[in-house]
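# Descriptive analysis of the structure
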Amino acid sequence: ALSMLGTTAGLYAIPWCKESLLLTILMSVIGGSMGILDTGGNVLALNTWGSEAGPHLQALHFSFAAGAFLAPILAKIALGGSDSQELAGAEKTNQSVLMAVPTASATSTTPAQKDHQDGDFLWSYIIIGTYILFISIIFFVLYSKSSSAGDKSKASVQKDRRAKYHWPLVGLLFVFFLFYVGTEVTYGSYIFTYAVEFAKMTESEAAALNSVFWGTFAVCRGAAIFGAVLLSPATMIIISLLSSAASSLALAFFAHYRASLWVGTAVYGASMATIFPSGIAWIEQYTVIEGKSASLFVVGAALGEMCIPAVVGYLQGRFSHIPVVMYTAFAASVVTILLFPVMYKLANAPQENDLKEESDSETQKALLSNSRLTEDEEDEEDVREWNNADFEVIEMNNKLKNSGMDTSCRIPGDSPVEASLQPHLVNVSGNPPVVAGDSPGRQNGNVDWEKSE
């Protein structure tokens, strides 16, 4: 909300500015506000939807691509009377209409046309500034209704999800976005010049080629909103990197063919569309992305957008016979392809907590297996003891049976053998022995007869 409010103030003041120093300050305010908006928008999407922010990030960056594609067209309609060269110059900027309108200003030949053009400039800034002010007010309202306590509790919960190599991962993604965004802006800025100087196209054909690049870029970002629901961010990044490498290879070595130039430009624009939002959604799955981390991503993208086009422009001026822009696109594709596996390896590195949990689980498994072995051994020992006891009982029963048969054949009375067996039998079973084949009644009768005797 604050960033868009600063943008609104700059837009309202620029049309009335007559000093170059003041104009530079106001444009710097707008540039800083846009940088804050870029950072805050990505972080806000991640805080709102978390790991499911993929489609929403694609939609957010689709609005950037749509603005880059539509801004030159709207600027031409607002200004009117511009020739194809001015339109091409406006289309070469990967900026919003805020940047495209000043670069598309044309010198007028009559005072009436000058007054008309000044009025168009004035109303363009006022209309766009009012629109941004309206959106800023909506964000202030949403902020007043939001719960900061809930955000703090959510952030405290997310701290446990911090990757082991968080800052090396952020640093590599910083370099990754530097090359990606820098190459994207470089190609979009110099493809018009390349088409005219190397491919010998007319200015209208070169402008159409530039429109093909940004058009496929915007369309693919729009399609990525639905693709992010079906595909994971890592899958989308791999597909985009392979497509950009193949198309940049064709552009670097086969761009002298018209068909290769047109198809390669379209595929290259489509393949570059989803990398930035997919990269942010991908790293959110492995670590916590807060304001500092997201600002580094945006700073890396801004440095690439500022430095790589300047270096390519300088080299292209020194070596006019070499297609530096195409070689730069191919080299950047190779660098990003090499960086992503390294980032993927760092992101999937196990944390200390995971290693501790894994060792604890292994220890628990070992203890459980030992306890099972101990229980099995105890069960086997119990079985052995019961078997030995059964054998002893069987042997004793056999002895009792034999002794009972001997005493039944003798005259009833006390004998040494009976006297010696009687205490033993009472101690073992607690009851008089029952001789096989005798009934309980007969046994009781013998006892009564002995007592009467």
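Keep in mind that this is a model prediction, so the values were computed, not measured. (Residues numbered from 1 in each chain as written. Predicted model: local features only at pLDDT ≥ 70, side-chain atom pairs only at ≥ 80, totals over all residues. Heavy atoms only, no water.)

### A look at the pattern of salt bridges
Taken as a whole, this structure holds one salt bridge when the rule is applied. The residue Glu-205 makes a salt bridge to Arg-258 at a minimum N-O spacing of 4.0 Å. Of the two residues, Glu-205 sits in helix α9 (residues 203-230) while Arg-258 sits in helix α11 (residues 258-272), which places them 53 residues apart along the sequence. (Salt bridge = Lys/Arg side-chain N within 4 Å of Asp/Glu carboxyl O. Helix = DSSP H or I, 4+ residues; strand = E, 2+ residues; numbered from the N terminus.)

### Considering the packing of helix α8 (residues 166-197) against α11
It is at 11 Å that the axes of α8 and α11 come closest, and there the two elements cross at 155°. Classified by the angle between their axes, α8 and α11 sit roughly antiparallel to one another. Between α8 and α11 lies a crossing of left-handed hand. Counting all contacts with α8, which are made through Tyr-180, Thr-183, Glu-184, Tyr-187, Ile-191 and Tyr-194, the residues of α11 involved are Leu-261, Thr-265, Tyr-268 and Met-272. A breakdown of the residues in the contact of α8 with α11 according to their chemical character gives seven nonpolar, two polar and one charged. (Axes fitted to C-alpha atoms, helices over the stretch in contact; angles between N-to-C directions. Parallel < 35°, antiparallel > 145°, perpendicular 65-115°, else oblique. Left-handed = near helix turned anticlockwise from the far one by under 90°. Contact = heavy atoms within 4.5 Å. Nonpolar A, V, L, I, M, F, W, Y, C, P; charged D, E, K, R; others polar.)

### With respect to the nonpolar core
Core analysis: the largest hydrophobic core is formed by 60 residues, its most contacted members being Leu-261, Trp-282 and Met-326. Take this core: its biggest share by element is 13 residues, from α8. Met-4, Ile-30, Tyr-125 and Ile-132 belong to the second largest nonpolar core, which has nine residues in total. (Core = buried A, V, L, I, M, F, W, Y, C linked by side-chain atoms within 4.5 Å. Buried < 20%, exposed > 50% of the residue type's maximum accessible area, 1.4 Å probe, protein only.)

### A look at a nonpolar patch on the surface
A surface patch of nonpolar side chains, about 460 Å² in accessible area, is lined by Leu-44, Phe-134, Ile-138, Phe-139 and Leu-142. When residues of the nonpolar patch are assigned to their parent elements, the largest contribution, four residues, is made by helix α6 (residues 111-145). With respect to the secondary-structure elements, Leu-44 resides in helix α2 (residues 20-49). Residue classification places Leu-44 among the partly exposed positions, given a relative accessible area of 44%. (Patch = residues over 30% accessible without salt bridge, like charges linked within 9 Å, V, L, I, M, F, W, Y side chains within 5 Å. Areas by Shrake-Rupley, 256 points an atom, 1.4 Å probe, with all protein chains shown as cover.)

### Description of unusual backbone geometry
Notably, Lys-200 is not glycine yet its phi reads approximately 55°, a positive angle. Assignment of secondary structure puts Lys-200 in the loop between α8 and α9.

What is shown is where atoms sit, not what they do.
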